[in-house]
Amino acid sequence: MPAFLLRHAIVLIAAAALSTSAIAQKPTRKTPPRAPAAAAAAAQPAIFYDQRADAMQFADDLAARRDLDREWVRQAIGQARFLSQVPRLMLPSPVGTPKNWRAYRSRFVEPVRIRAGARFWRDHADTLARAEREYGVPAEMIVGIIGVETIYGQQMGSFRVIDALATLSFDFPTAHPRAAERVAFFRGELEQFLSLMQRTNADPLEPRGSYAGAMGLGQFMPSSWARYAVDFDGDGRIDLFNSPADAIGSVANYFKGHGWITGMPTHYAVEFDPARLRLEELLAPDILPTFTVARMAELGALVQGDGATHGGPLALVELQNGVGSPVFFAGTQNFYTVTRYNWSSYYAMAVIELGREVNAAR
């Protein structure tokens, strides 16, 4: 999920019909359709944000900052509905909950996605090849992202984006350890979303996406749409919902914009020298590439194969396996770039391995 992306595992929601058709500039209140993901909420009386003074003040401030029609912004935010299940989904797992790479991998690198990915690659081979030429990002990385995010468009999310972003802007769970930071982030995304809707003359009540407000085949957050989305099919508009070409080009552009280095592997195997191993020091920077090959060796981690001559910084990455032995490898700048899509080493490795499996199967 572009720009930001969330540290815990992605929850994929059943797909629903999606439209970005043009509308008049002053929407009227609509009763949101009862999408499967919102079935529980539909049984309760809807709570709209036009009843919230803080939401309406935000709307006024946003309209002034962006030079948007004040009443249009107030009506759009006012018709957003509180989604009671969304704040719970944002809370991190309890401290001490063991992570399990094998279980995580099995959710994404599995036969349904591999078969769908092979079809997607065959159907869009020329576009993927062009994206690889123009942006320097391997086709299998693009395919891996779209497969993990939405199973190639099969599951793009059923939450109204305006509802999700408003809920996370004004009712983010205070129990979250970074609540203030996340509120600021989601208010920025709500602002970007409404600005996008106004620029494209689209109905802010129509787009559907994830519980975090991510949209389209590649699940771009609004800020990522504004910064990295491209018209790759050349039809004069950007459509990440219905144009696989635009999604392919946009994912490649996102990677390039976050520092992808053409030709560099994402990671290398490592072996440990028990006599010198200083594991805590090696893991302290987390997934940020920090160590040279020589420094990793001094700390007891020996980079294998072509990685032994790698010239840039590396990170020792650990993938836990519950009560089993963890997996370790040396992540490059390109591995770190994949984590800019979703800030999780588990996510990044699932993308990499799904792309490779699809490439092998096609």
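Above this text you will find the structure in question.
Numbering of residues starts from 1 in every chain and runs along the sequence as written. Totals for whole chains, interfaces and linings use all residues, but because this is a predicted model, local features are given only for residues with pLDDT of at least 70 and pairs of side-chain atoms are given and counted only at 80 or more. Side-chain calculation: all heavy atoms of the structure are included, whereas hydrogens and water are not.

Caption draft 1: Highlighting the overall build of the chain. When its secondary structure is counted, the chain shows 16 helices and 6 strands. Among the 362 residues that make up the chain, the fraction classed as buried is 53%. Contacts: residue pairs with any heavy atoms within 4.5 Å of one another. Of the contacts made within the chain by residues no fewer than 6 positions apart, 75% connect residues no fewer than 24 positions apart. Accessible surface, the chain: about 15,400 Å² in total, of which carbon and sulfur atoms supply 52%. We count a stretch as a helix when DSSP gives it H or I for four or more residues in a row; a strand needs E for two or more, and each element gets its number in order from the N terminus. Each residue gets one of three labels from its accessible area relative to the maximum for its type: buried under 20%, exposed over 50%, partly exposed in between, using a 1.4 Å probe on protein chains only. Where accessible areas are quoted, they stem from the Shrake-Rupley method and a 1.4 Å probe; at the residue level, only the protein chains shown are allowed to cover.

Caption draft 2: Expanded view of the layout of surface pockets. Space inside and on the surface of the protein is sampled on a 1 Å grid over the protein atoms alone, with a cavity defined as a set of points where a 1.4 Å probe fits but cannot get out and a pocket as an open set with protein on both sides within 12 Å along at least 5 of 7 lines; lining residues have an atom within 4 Å of a point. Grid points are joined across faces, edges and corners, and a volume is the space filled by probe spheres set on the points. Estimates place the volume of the second largest pocket at around 290 Å³. Leu196, Thr200, Trp225, Arg237 and Ile238 are the residues nearest the centre of the second largest pocket, which is lined by 13 residues in total. Broken down by secondary-structure element, the contributors of at least two residues to the lining of the second largest pocket are helix H10 (179–199) and helix H11 (222–228). Residues that form the lining of the second largest pocket fall into these classes: 8 nonpolar, 2 polar and 3 charged. Gly falls in the polar group here, along with every residue not listed as nonpolar (Ala, Val, Leu, Ile, Met, Phe, Trp, Tyr, Cys, Pro) or charged (Asp, Glu, Lys, Arg).

Caption draft 3: A look at helix H3 (residues 70–78). Those residues of H3 not exposed but buried are Trp72, Val73, Ala76, Ile77 and Gly78. Capping of H3 at its N-terminal end is provided by aspartate 69; its side-chain oxygen lies 3.2 Å from the backbone amide nitrogen of glutamate 71. Polar contact is the term for a pair of N or O atoms within 3.5 Å; when the atoms are in protein, one must be able to donate a hydrogen and the other to accept it, and sequence-neighboring residues count only if both atoms are side-chain atoms.

Caption draft 4: A look at the pairing of strand S3 (residues 267–272). Two strands are said to pair when DSSP picks up at least two bridges between them. Bridge count between S3 and strand S6 (residues 324–331): 3 bridges; the pairing is antiparallel. Paired with tyrosine 268 across the bridge in S6 is alanine 330.

Caption draft 5: Representation of the pairing of S6 in the model. As judged from the 6 bridges shared by strand S5 (residues 315–321) and S6, these two strands associate in the antiparallel manner. By the bridge assignment, leucine 316 is partnered in S6 with alanine 330. Hairpin connection, S5 to S6: the antiparallel pair is bridged by 2 residues, and glycine 322 has positive phi, about 60 degrees.

Caption draft 6: Quick peek at the environment of methionine 264. Within the secondary structure, methionine 264 is located in the loop between helix H12 (244–257) and S3. Expressed as a C-alpha distance, the spacing of methionine 264 and glutamine 333, which sit 69 residues apart in the sequence, is 8.2 Å. With sequence-adjacent residues up to four places away left out, methionine 264 is seen in contact with His310, Thr332, Gln333 and Asn334.

Caption draft 7: Layout of the packing of helix H2 (residues 53–66) against H3. Contact pair H2 / H3: the axes reach a minimum separation of 9 Å and the direction vectors enclose 145 degrees. Where H2 crosses over H3, the handedness of that crossing is right-handed. Contacts from Ala55, Met56, Phe58, Ala59, Asp60, Leu62 and Ala63 of H2 reach H3 at Arg70, Val73, Arg74, Ile77 and Gly78. Of the residues that constitute the contact of H2 with H3, the class distribution is 8 nonpolar, 1 polar and 3 charged. Orientation is described by lines fitted to C-alpha atoms, with helices fitted over the stretch in contact, and by angles between N-to-C directions that extend from 0 to 180 degrees. Handedness of a helix crossing follows the sense of rotation of the near helix relative to the far helix, less than a right angle counterclockwise being left-handed and clockwise being right-handed.

Caption draft 8: Spotlight on the packing of aromatic side chains. Centre distance within 6.5 Å is the pairing criterion for rings of Phe, Tyr and Trp, where only the six-membered ring of Trp is used; planes under 30 degrees apart are then read as stacked, over 60 as edge-to-face, and the remainder as tilted. Scanning the entire structure with this criterion turns up 19 aromatic pairs. Here the aromatic rings of tyrosine 49 and phenylalanine 170 are separated by 5.6 Å at their centres, their planes lie at 45 degrees, and the arrangement is tilted. With a gap of 121 residues between them, tyrosine 49 in the loop between helix H1 (39–42) and H2 and phenylalanine 170 in helix H9 (residues 161–170) connect regions that are remote in the sequence. Residue classification places tyrosine 49 among the buried positions, given a relative accessible area of 2%. An aromatic cluster is defined as three or more aromatic residues linked by ring pairs; in this entry it consists of Phe220, Tyr228, Tyr254, Phe255, Trp260, Tyr341 and Tyr347. For a Lys NZ or an Arg CZ to count as sitting over a ring, it must be within 6 Å of the ring centre and within 35 degrees of the ring normal. For arginine 340, the ring lying beneath its charged end belongs to tyrosine 336, and the centroid distance is 4.0 Å.

Caption draft 9: Looking closely at the nonpolar core. In this structure, Ile77, Leu194 and Phe255 are the most contacted members of the largest nonpolar core, which totals 94 residues. Per element, the largest residue contribution to this core is 9 residues, and it comes from helix H16 (residues 345–361). Not counting chain neighbours up to four residues away, the residues in contact with phenylalanine 255 comprise Val137, Met141, Ile145, Trp260, Thr337, Val338 and Tyr341. The term nonpolar core refers to a set of buried residues drawn from Ala, Val, Leu, Ile, Met, Phe, Trp, Tyr and Cys, joined through side-chain atoms within 4.5 Å.

Caption draft 10: Structural view of the side chain of threonine 332. Here threonine 332 shows up in the loop between S6 and helix H15 (333–339). A relative accessible area of 0% places threonine 332 in the buried class. Residues within four places of threonine 332 in sequence aside, it is in contact with Met264, Pro265, Thr266, His267, Tyr268, Pro289, His310, Pro313 and Leu314.

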